[in-house]
Amino acid sequence: MNQSAETPAGDSPSLEEVRELQELEVRIDDFGFTGEGYVRLHDGWLSVPGALPGELVRVRLQPGQREGARRLYADVVEVVERSPERRDPLCERDAICRGCQLRHISVDGELRFKARGITEVVEKFAGLAEAEQPPVEILTPQPTARGDAFRYRTSLSYRRVGDRVELGLYSPASEGLVAMSSCPALTVQTQRVVGVIERSLQGQNALPWDGEMAREVAAQVEGFEVAPGVEQIRVAVPNHGVGLVEVRLTEARDEAQFEVFCTSQPLASWLGRLVEALPAQVGLAVGSGPYRRQLKEPHRVRIPIGRLQMEVGYDDWIHATLAPAEVLYEAVGQWLEPEPEERFLDVGCGIGTIALLMAPRVGEAVGLDQNQASIESAEINAVGHGIANARFVAGGWETGLRRLAASGERFELATINPMREPLGRRALAYLNMLGVQRLVYLGPSPAAAARDLGALREMGWEIDRLAAANLHPATYHTMLVARVRRASSEE
Ligand SMILES: C[S@@+](CC[C@H](N)C(=O)[O-])C[C@H]1O[C@@H](n2cnc3c(N)ncnc32)[C@H](O)[C@@H]1O
């Protein structure tokens, strides 16, 4: 049974006390890395999603805490003393959905949290003390609206509740599913696709595929066992107008079993209906890993980015949020200070957006990316815009940069825009051979980016501008943007 207690501010309880009390009042010390509130305990930490630094909150320990863990997790029961930064949440589902970790804080508070995060990772991983760092600028669309429809991907789970079907996101705070078609954080296109999936299920009081049907199939197939979890079909909807619905069968373990799943009547007819109902640019795939079948190919689409109309296919990476991305692209052009005769290298070019935006301002722009599909899209986009001084090459960080260096290419300017992994010292070393002097690093994972910045500093580069790019408002995600110059270069 839950007890209740108060701990005077400043008197932090121990892990054991928190476990015993289950429900207690705590003063939040600071933000954790992922935007949750955290409390320093005598011998560990307490993470409280949805609580803000300085607040006094009544919290309840979440069920299922790991034995011996030094970090415990609790939910807010009541905010006893509010932070002046606290704002009304973005939507009425706030209490149960944690998709947007910073939905309850003012825009200024969110931006300060993000800027501070950049300072901390640069100090920790790039080895540059706060006092030595340039001030962290903020790159965010103006005015910044909380609750912009910025998310293009969601996972929907299925479950049968009595004679009803629920489709949505599993909520961490209850066993229920949160419906996603009206989630204000999803892009309009993604909401539309989720709506199509929901409608395809309407009027059914049984799942197209569920545990019961699995057992019926199991009775027909020798060696087929039904494990717990077969009731769930997960549907992911990445989207920018172009997307893919993936129906994951949790139980396909061999080809024969997969075939039975796909052709079993309730599932097959539901999938058939979905193929008809989904927009042309959204594909449909069933299964995962080795047992996966594409039932409908997604069409390519055109997306406006600044003055460009970029063609994108499903296998291409592009920003989830366009308005903030445009602010970012604008900053890249300004920060690089290009001269008309200089050559520009776009490392991790994707569909070629940065190279094509830079091409009119430089002598030549070259894009490098390991994704062959994106290189083809980039070429299509260059031809489509009549841009003749941009070309694109396929290759990994190290091999691609080495080949460019080996063939005697030279560039004054570059951007580096990886995913969430650092490039590493060996790949970065080629930048010196390529003659690069000014570089803008766009790091979706600030810690990974700061590691690369640390390696560059060791090789004689200097960070002279820093920014936190707010590409995902209301979440803890921040992009680290840094301008780095080769200190030893003669300009
Ligand atoms: C964040 S996206 C950047 C896309 C592009 N700069 C834009 O603004 O649209 C990262 C890109 O890095 C590429 N990439 C990831 N790992 C790579 C590697 N090891 N070598 C080369 N490219 C890689 C991906 O294919 C992807 O297109």
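The name that an unreviewed UniProt entry assigns to the protein is Class I SAM-dependent RNA methyltransferase, with the source organism given as Lujinxingia vulgaris.

Participant: Can you help me understand the overall build of the protein in this one?
Facilitator: In terms of helices and strands, the protein carries 12 helices and 24 strands. Considering the protein as a whole, with its 491 residues, one finds that 53% of them fall into the buried category. Across the protein, contacts joining residues at least 24 apart in sequence account for 65% of those joining residues at least 6 apart. Only carbon and sulfur atoms are counted for the fraction: they give 48% of the accessible area of the protein, which is about 22100 Å².

Participant: How should I be thinking about the site of the ligand in this particular structure?
Facilitator: Around the ligand, the surrounding shell holds 15 residues, and the nearest of these are Tyr329, Gly348, Asp369, Trp397 and Asn417. Interatomic distance of 2.7 Å between a side-chain N/O atom of tyrosine 329 and an oxygen atom of the ligand. In isolation the ligand offers 590 Å² of accessible surface; the protein chains occlude 92% of this area.

Participant: I'm lost on the environment of cysteine 183 in this one. Help?
Facilitator: Note that cysteine 183 resides in the loop between strand E11 (177-178) and helix H3 (188-201). Relative accessible area serves as the criterion here: at 6%, cysteine 183 is assigned to the buried category. Sequence-wise, cysteine 183 and arginine 151 are 32 residues apart; in three dimensions their C-alpha atoms are separated by 9.5 Å.

Participant: Sorry, what's going on with the packing of helix H2 (residues 107-126) against helix H12 (residues 446-458) here?
Facilitator: For any two helices packed against each other, the geometry is given by the interaxial angle and the distance between the axes. For the pair H2 and H12, interaxial distance at closest approach is 8 Å and the crossing angle is 45°. By the criterion of interaxial angle, the relationship of H2 to H12 is oblique. Seen along the crossing, H2 lies across H12 with a hand that is right-handed. On H12, the residues touching Ile118, Val121, Val122, Phe125 and Ala126 of H2 are Pro446, Ala447, Ala450, Arg451, Leu453, Gly454 and Arg457. Looking at the contact of H2 with H12 residue by residue, the classes come out as 9 nonpolar, 1 polar and 2 charged.

Participant: Just checking my understanding: could you explain H3 for this structure?
Facilitator: In an α-helix, one turn spans 3.6 residues, which is why side chains three or four residues apart end up on the same side. Over its 14 residues, H3 runs 20 Å from end to end, which matches the ideal 20 Å to within 8%, given 1.5 Å per residue. Among all positions in H3, only Thr190, Val193, Val194, Gly195, Val196, Ile197, Ser200 and Leu201 are buried.

Participant: Looking at this structure, I do not really get the pattern of salt bridges. What am I missing?
Facilitator: It is possible for side chains of opposite charge to pair when their charged atoms get near one another. Summed over all chains, the structure comprises 25 salt bridges. Between glutamate 259 and arginine 293 there is a salt bridge, and its shortest N-O distance comes to 2.9 Å. Taken together, the residues glutamate 259 in helix H5 (residues 255-263) and arginine 293 in strand E15 (residues 291-296) connect sequence positions 34 residues apart. Across the pair arginine 485 and glutamate 337 runs a salt bridge, and its minimum N-O distance is 3.5 Å. Here the residue arginine 485 occupies a position in strand E24 (residues 479-486), and glutamate 337 occupies one in the loop between helix H7 (322-336) and strand E18 (343-347), the gap between them amounting to 148 residues. Residues joined in a network through salt bridges with shared partners are Glu23, Glu25, Arg58 and Arg60.

Participant: Would you mind going over the UniProt feature "binding site: S-adenosyl-L-methionine" (unreviewed entry) in the protein with me for this structure?
Facilitator: Within this structure's numbering, the places UniProt gives as "binding site: S-adenosyl-L-methionine" (unreviewed entry) are Asp369 and Asn417. Despite a sequence span of 49 residues, these residues sit close together in the fold, their greatest C-alpha distance being 9.9 Å. The topology assignment puts aspartate 369 in strand E19 (residues 364-369). With near-sequence residues (within four places) excluded, aspartate 369 lies in contact with Gly348, Cys349, Gly350, Ile375, Val393, Ala394 and Gly395. A distance of 2.9 Å separates a polar atom in the side chain of aspartate 369 from the backbone nitrogen of asparagine 371. The topology assignment puts asparagine 417 in the loop between strand E21 (413-416) and helix H11 (425-433).

Participant: Explain the nonpolar core here, please?
Facilitator: Where a protein is soluble and globular, its nonpolar side chains tend to be buried together. Ranked by size, the top nonpolar core spans 41 residues in total, and within it Leu328, Phe344, Leu356, Phe392, Leu442 and Val481 carry the most contacts. Residue contributions to this core peak at 7 residues, all from H7. Not counting residues up to four positions away in its chain, the partners in contact with leucine 356 are Arg307, Leu308, Met310, Ala378, Asn381, Ala382, Ile387, Ala390 and Phe392. Residues Ile118, Leu404, Ala405 and Val436 belong to the second largest nonpolar core, which totals 38 residues.

Participant: How do you make sense of H7 when you look at a structure like this?
Facilitator: Here H7 spans 21 Å end to end across 15 residues, near enough to the 21 Å set by a 1.5 Å rise per residue. Those residues of H7 not exposed but buried are Pro324, Ala325, Leu328, Tyr329, Ala331, Val332, Gly333, Trp335 and Leu336. Glutamate 337 sits one or two residues past H7 and shows a positive phi near 45°.

Participant: Explain the packing of H11 against H12 to me, please; I cannot follow it from the model alone.
Facilitator: Two elements in contact, H11 and H12, have axes separated by 10 Å at closest approach and are oriented at 50°. The orientation of H11 with respect to H12, classified from their angle, is oblique. Classified by chirality, the crossing of H12 by H11 is right-handed. Along its contact with H11, which presents Arg425, Leu428 and Leu431, the element H12 presents Asp452, Ala455, Leu456 and Glu458. Split into classes, the residues belonging to the contact of H11 with H12 amount to 4 nonpolar, no polar and 3 charged.

Participant: Please clarify how the packing of aromatic side chains should be interpreted in this entry.
Facilitator: Aromatic ring pairs are described here by two measures, namely the spacing of the ring centres and the angle between the planes. The final tally for this structure, using the stated rule, is 2 aromatic pairs. Here the aromatic rings of phenylalanine 258 and tyrosine 291 are separated by 6.0 Å at their centres, their planes lie at 35°, and the arrangement is tilted. Note that phenylalanine 258 is positioned in helix H5 and tyrosine 291 in strand E15, a separation of 33 residues in sequence. Classification of tyrosine 291 as buried rests on a relative accessible area of 18%. Stacked on the ring of phenylalanine 411, the Lys or Arg arginine 343 has its end atom at 4.7 Å from the ring centre.

Participant: Honestly, a negative patch on the surface in this entry has me stumped. Any pointers?
Facilitator: On the surface, Glu16, Glu17, Glu20 and Asp43 cluster together to form a negatively charged patch. As for its position among the elements, glutamate 16 is in helix H1 (residues 15-21).

About the cut-offs
Residues numbered from 1 in each chain as written. Predicted model: local features only at pLDDT ≥ 70, side-chain atom pairs only at ≥ 80, totals over all residues. Heavy atoms only, no water. Helix = DSSP H or I, 4+ residues; strand = E, 2+ residues; numbered from the N terminus. Buried < 20%, exposed > 50% of the residue type's maximum accessible area, 1.4 Å probe, protein only. Contact = heavy atoms within 4.5 Å. Areas by Shrake-Rupley, 256 points an atom, 1.4 Å probe, with all protein chains shown as cover. Near = heavy atom within 4 Å. Polar contact = N/O pair within 3.5 Å; in protein donor to acceptor, adjacent residues only side chain to side chain. Axes fitted to C-alpha atoms, helices over the stretch in contact; angles between N-to-C directions. Parallel < 35°, antiparallel > 145°, perpendicular 65-115°, else oblique. Left-handed = near helix turned anticlockwise from the far one by under 90°. Nonpolar A, V, L, I, M, F, W, Y, C, P; charged D, E, K, R; others polar. Expected span 1.5 Å × (residues − 1). Salt bridge = Lys/Arg side-chain N within 4 Å of Asp/Glu carboxyl O. UniProt positions renumbered as here; feature names shortened; annotations may be inferred. Core = buried A, V, L, I, M, F, W, Y, C linked by side-chain atoms within 4.5 Å. Phe/Tyr/Trp six-rings, centres within 6.5 Å; stacked < 30°, edge-to-face > 60°. Lys NZ or Arg CZ within 6 Å of the ring centre and 35° of its normal. Patch = residues over 30% accessible without salt bridge, like charges linked within 9 Å, V, L, I, M, F, W, Y side chains within 5 Å. Lys, Arg positive; Asp, Glu negative; His and termini not counted. Charge placed at Lys NZ, Arg CZ, Asp CG, Glu CD.

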